[in-house]
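Analysis of the macromolecular model
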Amino acid sequence: MPLLALLYAAAAYLVFLATFAWTVGFVFNLPGLPKTIDSGAAVSMAEAIAVNLALMALFAVQHSVMARRGFKQWWTRFVPPSVERATYVLAASAALALLLWQWRPIAQPLLWSVQDPAGRVALQGLAAAGWLIALVSTYLIDHFALFGLRQPWAALRRQAEQAPAFRTPLLYRHVRHPLYLGFLLAFWATPQMTAGHALFAAVNTAYILIGIAFEERDLIAQFGPRYLAYRQQVGMLLPRFRAHLRALDS
Ligand SMILES: C[S@@+](CC[C@H](N)C(=O)[O-])C[C@H]1O[C@@H](n2cnc3c(N)ncnc32)[C@H](O)[C@@H]1O
């Protein structure tokens, strides 16, 4: 049974990797993909907005509800705790893949279109840096626990499940949510901002800001005064330069 749990988690992780790679290509409009943010059959503006909002709402509901502590406590009565996170990862990947596959492009109006080659490269570089920051942040927190592999591995080795630790390495010394900052860069830094891309970026920005409020509520419940002190010292998505200067002065 523990081996089966690990194989299930490994399969869920592979599905996540494939979906994540597609998401990067989707936002970059890479050629050769089944679907990207600005490709696909044109439909009416009303249909495109309605379908896209429904797809993003489905992803948000899945992601937020299944990530909350109360929900986890309830559904681990049915799902073995060792694969709770892997099942979350699988459900999130399925919701995301549906969004990518069914996304309706909205080509007009164009919010901006940068023609200058250096400007295009700079924006694409910024977006690539965003994806990289997001990926690196998962390793700084605990990549294999976040993506559901550590838990069945510990169960297989009969190790007690480790309580999540409070971490502030590297990027987390400068902002509290580097992973989400990476996503924001990846979503907004584009040479050509179509209405469809802007809808995607704006809704996900709102979702990230709301998600941060819920995540921090859980983090305060988990880590108490340590997280409250961290919140006072470190900015949410942007570094607090005055605090850095004070630290340099002292
Ligand atoms: C997808 S990660 C995003 C982390 C963070 N919000 C960011 O943007 O870098 C969400 C998980 O990270 C955990 N988390 C967030 N900040 C943390 C920290 N400083 N130390 C440990 N875990 C943290 C949350 O409890 C949650 O389970």
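Residues numbered from 1 in each chain as written. Predicted model: local features only at pLDDT ≥ 70, side-chain atom pairs only at ≥ 80, totals over all residues.

Within the UniProt annotation, "transmembrane region" (unreviewed entry) is assigned to residues 45-65, 86-103 and 123-149. Annotation note: span residues 45-65, helix share 100%, strand share 0%, distance between end C-alpha atoms 30 Å. Along residues 86-103 one finds 94% helix and 0% strand; the C-alpha atoms at either end are 25 Å apart. (UniProt positions renumbered as here; feature names shortened; annotations may be inferred. Helix = DSSP H or I, 4+ residues; strand = E, 2+ residues; numbered from the N terminus.)

Grouped together as the largest cluster of nonpolar side chains are 31 residues, with contacts concentrated most on Ala9, Ala12, Ala86, Val89, Ala186 and Phe187. When residues of this core are traced back to their parent elements, those giving at least two are helix H1 (2-28), helix H4 (84-102), helix H5 (117-141), helix H8 (178-188) and helix H9 (195-223). Counting residues per element, this core draws most heavily on H1, at 8 residues. When residues no more than four places from it in sequence are discounted, the contact partners of alanine 9 are Val83, Ala86, Gly148, Leu149 and Pro152. (Core = buried A, V, L, I, M, F, W, Y, C linked by C-beta atoms within 7 Å. Buried ≥ 20, exposed ≤ 12 C-beta atoms within 10 Å, placed from the backbone. Contact = placed C-beta atoms within 7 Å.)

Position of glycine 119 among the secondary structure elements: in helix H5. Judged by local crowding, glycine 119 falls into the exposed class, with 11 C-beta atoms found within 10 Å. The spacing of glycine 119 and alanine 91 is 28 residues in sequence and 38 Å in space, taken between C-alpha atoms. If we ignore the near neighbours within four places in the chain, the residues touching glycine 119 are Val114 and Pro191.

The subject of this paragraph is the site of the ligand. Close to the ligand lie 15 residues, the nearest being Ser137, Arg167, His177, Leu179 and Tyr180. For the shell around the ligand, the elements supplying multiple residues, two or more each, are H5, H8 and H9. Per-class residue counts for the shell around the ligand are 9 nonpolar, 3 polar and 3 charged. (Near = placed C-beta within 6 Å. Nonpolar A, V, L, I, M, F, W, Y, C, P; charged D, E, K, R; others polar.)

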